[in-house]
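Coordinate inspection notes
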Amino acid sequence: MNDILKRLSERFPVSNIVHQRENMVFVTLQKINSIPCISYLKEFEGFTHLVMLAAVDFIEDGIFQLTYILHNYKLHTDIGIRVKIEREHPVMESIHTLWAQARTYQQELKEMFGIDFPGSPGIDEPFLLEGWQNIPPMRKDFDTLKYSQETFFPRPGRKSYDPQKYMKQKLYPDKEPE
Amino acid sequence: MKDKDREKFPELVDGKAVIDLDSQKFLKVWQGPQHPGVTGNISLEVTLSGDEVVDLKTHVGYLHRGFEKLMERRKYLQCFTIVCRICVPEPDTNEYVFAAATEQLAGITIPEKAKWLRTLTLEMARLASFLMWIGGQAGALGMGTIAQWTVAQRDYILDLFEELTGGRVYHMYIVPGGVRGDIPDGFIEHVEKVMKGVEKVLYDVDIALLNNAIFKMRAKGLGYISKDMVDEYGIVGPNARAAGLARDIRKNSPYLIYDQLDFKVITGTKSDALERTFIRFQEMVQCVSLIRQIINKMPKNGDYHTRIPNPLHWKIPAGETYVRAEASRGEYGYYMLSDGTEYPRRVQVRGPSYTHAIAVLEKLAIGTNLADLAALMVSLHTCPPEIER
């Protein structure tokens, strides 16, 4: 793994290297270098398996972190490529030409985080949500409670109790409520 | 495909099929979200020319409950009631992978006995999942009886889970630090009794299904996966092993106590639905052997849980990781990122069906007969809840 990292850092400006465990390492790359680096790892270093493409919303820093996890079946090692992109109008280069399965991940990220991958097949089609009018729901500023209160209405006749008061009343009916 | 055969297929413009339904050459039908077999709730938008599939699009979204979003608002221990629900037939893999990721970020090592008990539950869940799958595979090709036999045996395994964990379908047995309890008295004898029953049914299934002429004729050549496709489409598990690639996480990167068990990676060559059935059938037989090895070699005494901080006020150190395990359908993994608080910042699930049921199925279905489409879906062993976490 150290040899691969050495060769990688000779070619690309990698930073923030974290050896998570013996056979897994995370590195950070700039957006402009990330796709050439992923292509290099796939074509020359044997990281032929795209394990997943994950996104994390760092709303306080105004960025999305995309993590491409790649696996090498010969050495049984993993590398996680972290790429930070702007949260306002997030756009990232597509990798569907490298892995056909990547389009599904990209389609989901477009819907759930609003990250655009221009050129990815079916990127504008809905993936899970039909007719979604709100902001992308996996973003941290999407208020799930507010959405459910506005969208769904309580069933008529349904009562809700404060669990603490309800159990006290049920267990000690003679006792006066505080 | 020969050019003259191309006539009945839609015209391709920029690599995309242009389907003119007014031409009356094509018919668009929807299959699902209920299917013959046990493929779960996904919908297939099928374009047909005669009874041959010329285009297919998978539609998901029938099961979306926002688990990943819910986990961001729950403490690590509270997530266990959610993660097991991501895959109904095999919830233990989710529990294990989530627990292992938490332990890795928190720097916890678990006792030896807990590793054995976790492996036991994982193998029992794998066997239960396969038993349900083979019923679906036979059912999709018109043999409903097989499902009656195998699902009954799965129920006996669920009885074992109930005895061990208190729950039949969702167990929440694997928790950070180990497992929730030791094996109860008489459990080993019950396991042995169930394994004997499973072996007997597998013998019957071998005769009735794997030697059935109709099954062989219909499954042969169905959904051929080439070796080149495996990496391009992220195909894992038995689907990749049927293509001749010896890829099994239990062997390649052993976790828990798999390095102490005697088993080999089962591979095939023909890579069609029939070969995948053979591979999974052999893995079921292997599962029985592994469960027997575990109950024979498992240490009798020892802690099954290590001390962890108060789980309701447990701050996991900041960091990120990806942990994987071999489920019955292939690589199952969790990406977890902690920001040092009591709540996970982000959890993302990688289920094998994410690729198998969408990109792979859409590719393999082209040219398939409509009657074989259900069998093709089941042969990929898809489970939609893990697509729409």
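Residues numbered from 1 in each chain as written. Chains lettered and ligands numbered in written order. Predicted model: local features only at pLDDT ≥ 70, side-chain atom pairs only at ≥ 80, totals over all residues. Heavy atoms only, no water.

**A look at the overall build of chain A**
When helices and strands are counted, chain A shows five helices and five strands. Reading chain A from its N end, one meets helices and strands in the order α-β-β-α-β-β-β-α-α-α. In terms of C-alpha radius of gyration, chain A reaches 23 Å, well past the compact-globule figure of 16 Å for 178 residues. The dimensions of chain A, computed from C-alpha atoms along their principal axes, are 75 × 40 × 30 Å. (Helix = DSSP H or I, 4+ residues; strand = E, 2+ residues; numbered from the N terminus. Rg over C-alpha atoms; globule rule 2.2 N^0.38 Å.)

**A short note on empty space enclosed by the protein**
Counted under the stated rule, the structure contains four cavities of 30 Å³ or more. In this model, the largest cavity occupies a volume close to 70 Å³. Lining the largest cavity, in full, are Tyr 73 of chain A together with Ile 235, Val 236, Gly 237, Ala 240, Arg 247, Asp 248, Ile 249, Glu 326 and Glu 331 of chain B. When the residues that make up the lining of the largest cavity are grouped by side-chain class, the tally is five nonpolar, one polar and four charged. Considered as a void within the structure, the second largest cavity measures approximately 50 Å³ in volume. Along its surface, the second largest cavity is lined by Leu 53, Tyr 105, Glu 108, Leu 109, Met 112, Phe 113 and Met 138 of chain A together with Glu 68, Arg 346, Gln 348, Tyr 354 and Arg 389 of chain B. Contributing elements (two or more residues each) for the lining of the second largest cavity: α3 (102–113) of chain A together with β10 (344–350) of chain B. Looking at which element gives the most residues to the lining of the second largest cavity, the answer is α3 of chain A, with five residues. (1 Å grid on protein atoms, 1.4 Å probe; cavity = no way out; pocket = protein on both sides within 12 Å on 5 of 7 lines; lining within 4 Å. Points joined across faces, edges and corners; volume = space filled by probe spheres on them. Nonpolar A, V, L, I, M, F, W, Y, C, P; charged D, E, K, R; others polar.)

**Looking at the pattern of salt bridges**
Residue and element names in this part refer to chain B. Under the criterion given, the structure shown has 36 salt bridges over all chains. Measuring nitrogen to oxygen at the nearest pair gives 3.1 Å for the salt bridge that ties Arg 247 to Asp 231. With Arg 247 in the loop between α9 (238–241) and α10 (249–252) and Asp 231 in helix α8 (residues 227–232), the pair connects residues that are 16 residues apart, well separated along the chain. As far as the burial class goes, Arg 247 and Asp 231 line up, both buried. (Salt bridge = Lys/Arg side-chain N within 4 Å of Asp/Glu carboxyl O. Buried < 20%, exposed > 50% of the residue type's maximum accessible area, 1.4 Å probe, protein only.)

**So, the pairing of strand β1 (residues 15–21) of chain A**
Residues and elements named next belong to chain A. Direction of pairing for β1 relative to strand β2 (residues 24–29): antiparallel, over a ladder of four bridges. The residue bridging His 19 from the neighbouring strand is Val 25, located in β2. Between the end of β1 and the start of β2, which pair antiparallel, lie two residues. (Pairing = 2+ DSSP bridges.)

**So, the confidence of the model for chain B**
For chain B, the average pLDDT comes to 89, and 95% of its residues sit at 70 or higher. Reported confidence for the predicted complex is 0.89 by ipTM and 0.91 by pTM. (pLDDT = per-residue confidence, 0-100.)

**Overview of unusual backbone geometry**
A positive phi angle, close to 50°, is found at Asn 16 of chain A, a residue other than glycine. Position of Asn 16 of chain A relative to the elements: it lies in strand β1. With a relative accessible area of 47%, Asn 16 of chain A lands in the partly exposed category. A positive phi angle, close to 45°, is found at Leu 256 of chain B, a residue other than glycine. If you trace the backbone, Leu 256 of chain B turns up in the loop between α10 and α11 (273–297). Residue classification places Leu 256 of chain B among the buried residues on the basis of a relative accessible area of 16%.

**A short note on the layout of surface pockets**
All names here are of chain B. Taken as a whole, the second largest pocket spans an internal volume of roughly 640 Å³. Breaking the lining of the second largest pocket down by element, the ones donating at least two residues are α3 (91–106), α4 (112–140) and β8 (319–327). The element best represented in the lining of the second largest pocket is α3, accounting for four residues. Across the lining of the second largest pocket, the residue classes break down as nine nonpolar, five polar and seven charged.

**Side note on the sheet that holds strand β3 (residues 27–31) of chain B**
Residues and elements named next belong to chain B. Taken together, the three strands give an open sheet; going across it, the order is β3-β4-β5, and neighbouring strands pair in antiparallel fashion. Every interior strand has two partners, whereas the edge strands, β3 and β5 (52–59), have only one. Neighbouring strand axes in the sheet, compared pairwise and without regard to direction, differ in orientation by 25° on average. Packing against the sheet, helix α12 (residues 353–364) makes contact with β4 (43–49) and β5, and its axis sits at approximately 165° to β5. Along the sheet, helix α13 (residues 370–379) makes contact with β3, β4 and β5, crossing β4 at roughly 145°. (Axes fitted to C-alpha atoms, helices over the stretch in contact; angles between N-to-C directions. Contact = heavy atoms within 4.5 Å.)

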